[in-house]
Amino acid sequence: MLADASIAVTTRSTPPPPPRRRFRGGGGLRGHEGAAGWLFITPMVVILLVFLVIPIFMALWVSLTSWNGSVNPFSGGPGAEFVGVKNYTALFAQDGLTRSNFMQSISNTFWYVLFVVPLQTVLALGLALLVSNKLLKAKGFFRTTFYFPSVTSSIAISTVFLFLFSNSGAVNAFLKLFGIDGPQWFSDSRGLVHLLFNAVGVDNPAWGAHDILGRSLWDWLSGPSVAMCVIIILVVWTTSGTFMLMFIAALQDVPVDVEEAAALDGTSGWQQLRYVTVPMIKPAIFLVLTLGLIGTWQVFDQIYVMGKGAPSGTTLSPAYLSYQQSFGNFKYGSGAAMAFVVFLIIVVLTRMQRYVLTDKDERRSFRSIFQLGRRKGASS
Amino acid sequence: MTSRVSPIRQVLLYAALALFSVLFLYPFIVEVVTSFKTDSDAVNHPLSVIPNPFSMATWQAIFGAGSSSLPFPTWIKNSVLVAGVVTVARVFLDSLAGYALSRLRFKGRGFVFAAVLAVMSVPGVALLVPKFLMVNYLGIFDTYTAMILPLVVDAAGVFIMKQFFDSVPISIEEAARMDGASIFRTFWSVVLPMAKPALITLTILSFQGSWNEFTHFLVVTRGTPEHQTLVTGLASLTSGQLGSGTQYPLKLGAALLTTIPVAVLFFALQRYFIRGANDGGVKG
């Protein structure tokens, strides 16, 4: 085949051959393209259909059954009865273990997303600004260092963090140097917000008993558990490198004269960042936020390695719960239903982001914001 | 920027970068160092970056006929096999499809491309049960076929290749076609050699993706060593399914072994990685 390549190249470099077989007209140059086109995409179409599109519809069906894994899922007989939307209502409307686990996983992940997305965005932007600094030498070294965690296996990194945050690990040993007794990270189920409340003397107050979807308001407000905080730190640490690269690319597109003009006007570094740089890289910020939202709602690998939901279910995520319900408890219908709910959450969040993004492209001015406000007001 | 550079700002800049560099590198240093420690040294001196005593026990357990009964050779073999086959197949099939979607005119092209974009936006978490269902239905559960076949095409890779071909001028191919080369011949001998940068990026993304793959293997295999890769094996070791106790040096050694191939590739071909990250960003 290499020989073929060289032949093709030499053919091109020689003077044009006499016009013997010129493909023209109906059966000519474009004529074979229809068949070839389909031939070229057939492997892709087959694989994506068989292992992605059709399975999703199979799983949609299974989510409407009580399939337990032992019989043909499409038989409709015992072990695979059609149960309608029962698996979905069990997640929202029915008191029970399934709902309380699912709502706990939603609550955990909500807090997780609320911490991870802003932190990774700010850290990524900060690193990008540092690395893009014109005064800096050895840019490449720092960029490589910060990006490296992003390309390594999430399982391997989680293993390292399990050791770092273990009771006898480096983090607690480091804290001890300053006389601080670190927590038992992976067995500490106390929520951060609860700890804050406790610090001001509030613990499980009467107003917190209010029930929302089978979970008390106080429990919803717990904040991420100490164990979840380790996963938050880990994920922020691994993902910010990728997002840093996106910010670096965006910062390169900021015209130098705009920055110089701002500097001549005597703006401080902070003002320049706030009023010049950030507005100019807004598309990149929205992109990072969107990708962050999509990624964080799916957290799975780190949960699997770092405790599988322990302690007290405070690190359960819907993705992991869906896996556990299917492959651990053999309730595939329920597990599939959970996965589709997460899917829906991600789609809705992405749509909301996209809505904001397209708005951005209209070159936002005070007037368009005003119009947006009116439009929203009119539609409600 | 003003013409005068304040030395204090310069010092602060480097101090901040040094601090972050330590934070980003330290876990990897711990990973390397601890794999040469003894179990008790790892637990008693977690901050020390010098193994005392220096121990090769972990690496003997992994590569030699040591005391460990862990099936590292099988894991390594599976990882190399699966990542190798997936990478080669994926690069070829993705570029075939990307080329067709970019260059060849055929009925339904617009629809297929729209479908690829739609498929790309399906979050992986929604695919765990679906993949298991299909693999089960086809009777290939717990086989290499189930591990490899679903991964040989990825929509994002097709998208990257299509974008690349869109950016390349068409004139050279047309010259080849005028000379009477077939469509496949033109693709293979003229187009692919020109697409080298994109192919390298795609190779890296495919290898990194399949080497680090976890959830797919988790749901299409039984989890016995026979079909475990380094990553799924490490996950079962770390999450305590193999009853291995703490044994941090062994676990971190295994983690390091899992990290090395991608790390080597990364340091050798950084600029392509960085390009891949930004291409991936466009898709979102």
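Worth saying up front: this structure is predicted, and the values here are computed from it rather than measured.

## Concerning the overall build of chain A
- For chain A, the count of helices and strands is 17 helices and two strands.
- Residues classed as buried in chain A amount to 38% of the 380 residues present.
- The contacts of chain A with a sequence gap of at least 6 include a subset with a gap of at least 24, amounting to 68%.

## A look at the environment of Val82(B)
Residues and elements named next belong to chain B.
- Position of Val 82 among the secondary structure elements: in helix 4 (residues 72–103).
- Exposure remark for Val 82: the 22 C-beta atoms within 10 Å place this residue in the buried category.
- A C-alpha to C-alpha distance of 7.3 Å links Val 82 and Met 147, two positions 65 residues apart in sequence.
- When near neighbours in sequence (up to four residues on either side) are disregarded, Val 82 contacts Met 147, Ile 148, Ser 210 and Thr 229.

## Here's the deal with the nonpolar core
Residue and element names in this part refer to chain A.
- Counting residues in each nonpolar core, the largest one holds 168 residues, and the members touching the most others are Val 230, Met 244 and Phe 247.
- No other element matches the 17 residues that helix 10 (residues 226–252) contributes to this core.
- Dropping the residues within four chain positions of it, Met 244 is found in contact with Ala 124, Leu 127, Ala 128, Phe 146 and Tyr 147.

## Topic: unusual backbone geometry
- Along the chain, Ala310(A) connects to Pro311(A) via a cis peptide bond; the corresponding omega equals -5°.
- The omega torsion across Asn52(B) and Pro53(B) is 0°, close enough to zero to call that bond cis.
- Here Pro53(B) lies in the loop between helix 2 (39–44) and helix 3 (57–63).
- Located in the positive-phi region is Ala138(A), a residue other than glycine, with phi close to 60°.
- Relative to the assigned elements, Ala138(A) resides in the loop between helix 4 (97–131) and helix 5 (139–151).
- Positive phi is not limited to glycine here, since Asp142(B) has a value of about 60°.
- Residue placement: Asp142(B) occurs in the loop between helix 6 (128–137) and helix 7 (144–148).

## Some words on the environment of Asp166(B)
All names here are of chain B.
- One can find Asp 166 in helix 8 (residues 155–166).
- What makes Asp 166 exposed here is the crowd of 12 C-beta atoms within 10 Å.
- Considered as a pair, Asp 166 and Leu 199 are 33 residues apart in the sequence and their alpha carbons are 14 Å apart.

## Considering the interface of chain A and chain B
- Opposite the 91 residues of chain A that make contact, chain B presents 85 residues.
- Tallying contributions element by element places helix 2 (residues 33–62) of chain A first for the side of chain A that touches chain B, with 22 residues.
- Taken together, the residues of the side of chain A that touches chain B sort by class into 63 nonpolar, 19 polar and nine charged.

## Section: the domain arrangement of chain B
Residues and elements named next belong to chain B.
- Taken domain by domain, chain B holds domain 1 (7–63) and domain 2 (72–283).
- Each of domain 1 and domain 2 has a C-alpha centre, and the two are 32 Å apart.
- The partner domain 2 presents twelve residues to the 13 residues of domain 1 that form the contact.
- Here the side of domain 1 that touches domain 2 gets four residues from one element, more than from any other, and that element is helix 3.
- In the side of domain 1 that touches domain 2, the residues fall into six nonpolar, four polar and three charged.

## Structural notes on helix 13 (residues 230–238) of chain B
- In terms of burial, helix 13 of chain B is a largely internal element, nine of the nine residues being buried.
- Taken as a whole, helix 13 of chain B has its buried residues at Leu230(B), Val231(B), Thr232(B), Gly233(B), Leu234(B), Ala235(B), Ser236(B), Leu237(B) and Thr238(B).
- The secondary structure elements touched by the buried residues of helix 13 of chain B are helix 6 (154–164) and helix 14 (301–305) of chain A together with helix 4, helix 11 (196–212), helix 12 (215–220) and helix 14 (248–268) of chain B.
- At the exit of helix 13 of chain B stands Gly240(B), carrying a positive phi of roughly 85°.

## Details of the confidence of the model for chain B
Residue and element names in this part refer to chain B.
- Across chain B, the average pLDDT comes to 87, with 92% of residues at or above 70.
- Ranking the elements of chain B by mean pLDDT puts helix 15 (residues 270–283) last with 64 and helix 7 first with 96.
- Quick note on the complex model: pTM equals 0.87, ipTM equals 0.90.

## Observations regarding the confidence of the model for chain A
All names here are of chain A.
- In the predicted model, chain A carries a mean pLDDT of 83, and 85% of its residues have values of at least 70.
- Across residues 1–28 the pLDDT falls below 50, and counting only partners more than four positions away or on other chains, this stretch makes 17 contacts in the model.
- Counted against residues more than four places away or in other chains, residues 361–380, with its pLDDT under 50, gives four contacts.

## Overview of the packing of helix 5 (residues 109–120) of chain B against helix 8 of chain B
All names here are of chain B.
- For the pair helix 5 and helix 8, interaxial distance at closest approach is 9 Å and the crossing angle is 130°. When the interaxial angle is binned, helix 5 and helix 8 end up oblique. Note on packing geometry: the crossing formed by helix 5 with helix 8 is left-handed. Residue-level inspection shows Val 116, Val 119 and Met 120 of helix 5 in contact with helix 8, the latter providing Ala 155, Ala 156, Val 158 and Phe 159.
- Broken down by class, the residue content of the contact of helix 5 with helix 8 amounts to seven nonpolar, no polar and no charged.

What counts, and at which threshold
Residues numbered from 1 in each chain as written. Chains lettered and ligands numbered in written order. Predicted model: local features only at pLDDT ≥ 70, side-chain atom pairs only at ≥ 80, totals over all residues. Helix = DSSP H or I, 4+ residues; strand = E, 2+ residues; numbered from the N terminus. Buried ≥ 20, exposed ≤ 12 C-beta atoms within 10 Å, placed from the backbone. Contact = placed C-beta atoms within 7 Å. Core = buried A, V, L, I, M, F, W, Y, C linked by C-beta atoms within 7 Å. Nonpolar A, V, L, I, M, F, W, Y, C, P; charged D, E, K, R; others polar. Domains from an automatic or database assignment. pLDDT = per-residue confidence, 0-100. Axes fitted to C-alpha atoms, helices over the stretch in contact; angles between N-to-C directions. Parallel < 35°, antiparallel > 145°, perpendicular 65-115°, else oblique. Left-handed = near helix turned anticlockwise from the far one by under 90°.

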